[in-house]
Amino acid sequence: MNFLEEKILEDGKIYEGNVLKVDNFLNHQIDIDIMRQIAYEFKRRFKGKPVTKVLTIEASGIAIATMLADLYDVPVVFAKKGITVNSTDDKYMSQAYSFTHKHMNNVFVSRPYLSSGDKVLIVDDFLADGEAAKALIDIVNQAGGTVTGIGVAIEKGVQNGGKKLREAGYHLESIAIIDEMDYKTQTIKFRQ
Ligand code: 5GP
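Residues numbered from 1 in each chain as written. Predicted model: local features only at pLDDT ≥ 70, side-chain atom pairs only at ≥ 80, totals over all residues. Heavy atoms only, no water.

1. Overview of the site of the ligand
Rules: Nearness is judged by heavy atoms alone; a residue qualifies as near a molecule or strand once a single heavy atom is within 4 Å of it. Think of a polar contact as two N or O atoms within 3.5 Å of one another; within protein, one of them needs to be a possible hydrogen donor and the other a possible acceptor, and neighboring residues in sequence only count if both atoms come from side chains. Detection works on a 1 Å grid of protein atoms alone, calling trapped sets that fit a 1.4 Å probe cavities and calling open sets with protein on both sides within 12 Å along at least five of seven lines pockets, with lining residues defined by an atom within 4 Å of a point. If over half the atoms of a molecule are within 2 Å of the grid points of a cavity or pocket, the molecule is regarded as sitting in it. Note on residue categories: nonpolar means Ala, Val, Leu, Ile, Met, Phe, Trp, Tyr, Cys or Pro, charged means Asp, Glu, Lys or Arg, and polar means any other residue, Gly included.
Taken together, 16 residues surround the ligand, and among them Leu 20, Ala 128, Gly 130, Ala 132 and Lys 156 come closest. The backbone of Leu 20 places a nitrogen or oxygen atom 2.7 Å from a nitrogen atom of the ligand. Gly 130 places a polar main-chain atom, nitrogen or oxygen, 2.7 Å from an oxygen atom of the ligand. At a threshold of 2 Å from the grid points, most atoms of the ligand map onto the largest pocket. Each residue belonging to the shell around the ligand can be placed in one class, and the counts come to seven nonpolar, four polar and five charged.

Shown next as structure tokens:
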């Protein structure tokens, strides 16, 4: 078991509806040592790949993205979410259905922060149906940039976001992949 799988077993709480809460180290309180280890692990797994920007989506991806961007010494860009957005003149905009909040979000990045020539490493805390990742990829494409890879801390393998991204040919790295989790027994099985 790796460090993140151990931490999930120690501190994660499973809720009904296939939701894992990791509020005490990732989604509310941030454990800097775990963030640092996640960042080093991504740096190792994407070794040799060009990165000019690390892109994530607010809010919980920002901590991971910032630690990782520090290792590459590149800027972090975080996409913002909003249900309504007045104008798209100055923004790249896409949409993502929120698994946790059950509504459609507009997702946007202001044009100056991504451009053609950018080699973008996308990161996020969770990967479920792949909606957030799909919106971020769309935004990178609108900017004319290239997606170098996608790094997620926790992939929920029962939802098929990861499968779709791998089949589409993206270099996806997930540090912990949950293949089964049971709310009643509070048990989790990780992919080997
Ligand atoms: P997706 O867009 O891949 O369907 O879902 C990923 C996004 O939804 C992540 O940005 C994350 O914030 C949220 N998310 C999805 N599943 C979970 C979960 O089980 N626990 C938590 N804390 N967030 C989740």
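2. A short note on the nonpolar core
Stated formally: Throughout this description, the term nonpolar core refers to a set of buried Ala, Val, Leu, Ile, Met, Phe, Trp, Tyr and Cys residues connected via side-chain atoms within 4.5 Å. Three exposure classes are used, based on accessible area relative to the maximum for each residue type with a 1.4 Å probe and protein chains only: buried under 20%, partly exposed in between, and exposed over 50%. Each helix corresponds to a stretch of at least 4 residues labelled H or I by DSSP, and each strand to a stretch of at least 2 residues labelled E; elements are numbered beginning at the N terminus. Contact definition: two residues touch when any of their heavy atoms are within 4.5 Å.
Counting 34 residues, the largest nonpolar core has Leu 4, Ile 8, Leu 20, Ile 38 and Ile 154 as the members making the most contacts within it. For this core, the secondary structure elements donating two or more residues are α1 (3-11), α2 (23-27), α3 (32-45), α4 (61-72), β7 (119-127), β8 (146-156), β9 (172-182) and β10 (187-190). In terms of residues, this core owes the most to one element, α4, which gives six residues. Once residues within four sequence positions are removed from consideration, Ile 8 is found in contact with Leu 20, Phe 25, Ile 154, Ala 176, Ile 188 and Phe 190. Within the second largest apolar cluster, 24 residues are counted, among which are Leu 55, Val 77, Tyr 92 and Ile 122.

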